[in-house]
Amino acid sequence: MKRIKCLTPIMLIIIGLTALSLTAGKGVTLRLCPQQGKTYVVKTKSTMISVMKLQGQSMNSNQTMETRQTFSANEVSTTKNVFDTEIDAIKMTVSQMGMNLVYDSDNPQNTSPMLAGQTGELEKALHKPTTITYNELGQSDDANDLSMSQLNNVIIQLPEEEIFEGSKWNFSKTQDINGIEFAINMEYTVASISKKGVNVNVTGTIDSKDVTGTYEGTSTINAHTGFVTSSNIKSNISLTISEQGLTIPTTINSTITVTVEEK
């Protein structure tokens, strides 16, 4: 029998075209589809640098905050997904005016005395069981009810149509923080699709007369559950704070990383 020493150029072209046909145009339809009863852990870490301009001088503050939050689906259907969630731990470090202050819910003995009595909002958010309902596209009417919740970084609004590499989708949401109302406009662009998940590039802007800002980063979405399993988002925000008759221009640069794991 005559041996074939090598593949001819035409055979290599055919193989290449066949491989291309198996991968080109691969799309996915994202839907929120958690496994009922399974518990997930959200770990976040945010670093924030704020600069306040007051009477010609600048006051800088560096803050790092870490949270741990659990959530599980107690009801799953094509119309709604009901989640039980609570925040298990919060750790915050603040560096300001030469001082380093620490709050640690897991190790309260390490909390700085100067923060005693000033961490009420953080403590109220801890170990507070809350139920939140989303539809299959990740939309919710009560997702902002849980103070300090990180689910908005994990369950995002998904596109209705099938997506491919290069696909884009947008959504906007309105938030009110300390009486300041603003709209956040987000855009997701699909960078790649694999068995591990859908990788997207994230950009966004803040639309408000009181606040301006931008978002930029990357996220990975699990194609089976519809959750964001990891993300790294940077933001640059400018606002003006009015306090005791003073107008204080403020800029905030921050980075938040999020990871989601099964418990």
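Check the entry above for the structure.
Residues numbered from 1 in each chain as written. Predicted model: local features only at pLDDT ≥ 70, side-chain atom pairs only at ≥ 80, totals over all residues. Heavy atoms only, no water.

Participant: Can you break down the pattern of salt bridges residue by residue, with the values?
Facilitator: One side chain can pair with another of opposite charge once the charged atoms of both are near each other. Following the criterion strictly, the structure yields 4 salt bridges and no others. Of the charged contacts, one joins Asp106 and Arg68 as a salt bridge, the two residues approaching to 3.3 Å between their closest N and O atoms. Pair noted here: Asp106 is in the loop between strand S4 (99-104) and helix H2 (120-125) and Arg68 is in strand S2 (residues 57-76), with a separation of 38 residues, a long-range link. When its relative accessible area of 45% is taken as the criterion, Asp106 is described as partly exposed. Owing to a relative accessible area of 30%, Arg68 belongs among the partly exposed residues under this scheme. In this structure, Lys80 engages Glu75 in a salt bridge whose closest nitrogen and oxygen atoms are separated by 3.7 Å. (Salt bridge = Lys/Arg side-chain N within 4 Å of Asp/Glu carboxyl O. Helix = DSSP H or I, 4+ residues; strand = E, 2+ residues; numbered from the N terminus. Buried < 20%, exposed > 50% of the residue type's maximum accessible area, 1.4 Å probe, protein only.)

Participant: Describe the side chain of Ser167, listing the residues and the values that go with them.
Facilitator: Among the structural elements, Ser167 can be located in the loop between strand S5 (130-134) and strand S6 (168-177). Side-chain polar atoms of Ser167 contact the backbone nitrogen of Phe164, separated by 2.7 Å. When residues no more than four places from it in sequence are discounted, the contact partners of Ser167 are Tyr188, Thr189 and Val190. (Polar contact = N/O pair within 3.5 Å; in protein donor to acceptor, adjacent residues only side chain to side chain. Contact = heavy atoms within 4.5 Å.)

Participant: Account for the environment of Glu160, naming residues and giving values.
Facilitator: In this structure, Glu160 sits in the loop between S5 and S6. For Glu160, a relative accessible area of 61% translates into the label exposed.

Participant: A description of the packing of aromatic side chains should follow, citing residues and the corresponding values.
Facilitator: Scanning the model with the defined rule gives 8 aromatic pairs in all. On the numbers, 5.0 Å between centres and 80° between planes, the contact of Tyr40 with Phe227 is edge-to-face. Of this pair, Tyr40 sits in strand S1 (residues 39-54) while Phe227 sits in the loop between strand S9 (211-221) and strand S10 (228-243), and the two are 187 residues apart along the sequence. Pairwise contacts between aromatic rings join Tyr40, Phe71, Phe83, Tyr134 and Phe227 into one cluster. (Phe/Tyr/Trp six-rings, centres within 6.5 Å; stacked < 30°, edge-to-face > 60°.)

Participant: Give me the lowdown on the pairing of strand S8 (residues 197-207), citing residues and values where you can.
Facilitator: As paired strands, strand S7 (residues 180-194) and S8 are joined by 11 bridges and run antiparallel to one another. Looking at the pairing, Ile193 lines up with Val198 of S8. With antiparallel pairing between neighbouring strands as the criterion, S7 and S8 make up a hairpin whose turn holds 2 residues. Joining the antiparallel neighbours S8 and S9 is a turn of 3 residues. (Pairing = 2+ DSSP bridges.)

Participant: Residue-level account of the nonpolar core, with values.
Facilitator: Of all hydrophobic cores here, the largest spans 26 residues; its most connected members are Leu30, Trp169, Tyr188, Val198, Val200 and Ile221. Listing elements by their share of this core, those giving two or more residues are S6, S7, S8, S9 and S10. Sort the elements by how many residues they give to this core and S7 lands first, with 6 residues. Residues in contact with Val200, not counting those within four places in the same chain, are Trp169, Tyr188, Thr189, Val190, Ala191, Gly217, Thr218, Ser219 and Ile221. (Core = buried A, V, L, I, M, F, W, Y, C linked by side-chain atoms within 4.5 Å.)

Participant: Quick rundown of the environment of Thr189? Include the residues and the values.
Facilitator: Position of Thr189 relative to the elements: it lies in strand S7. Placed 29 residues apart in sequence, Thr189 and Thr218 show a C-alpha to C-alpha distance of 9.4 Å. In this structure Thr189 touches Gly166, Ser167, Lys168, Asn199, Val200 and Asn201, once residues within four positions along its chain are discounted. A polar contact of 3.1 Å, which involves the side chain of Thr189, links it to the side chain of Lys168.

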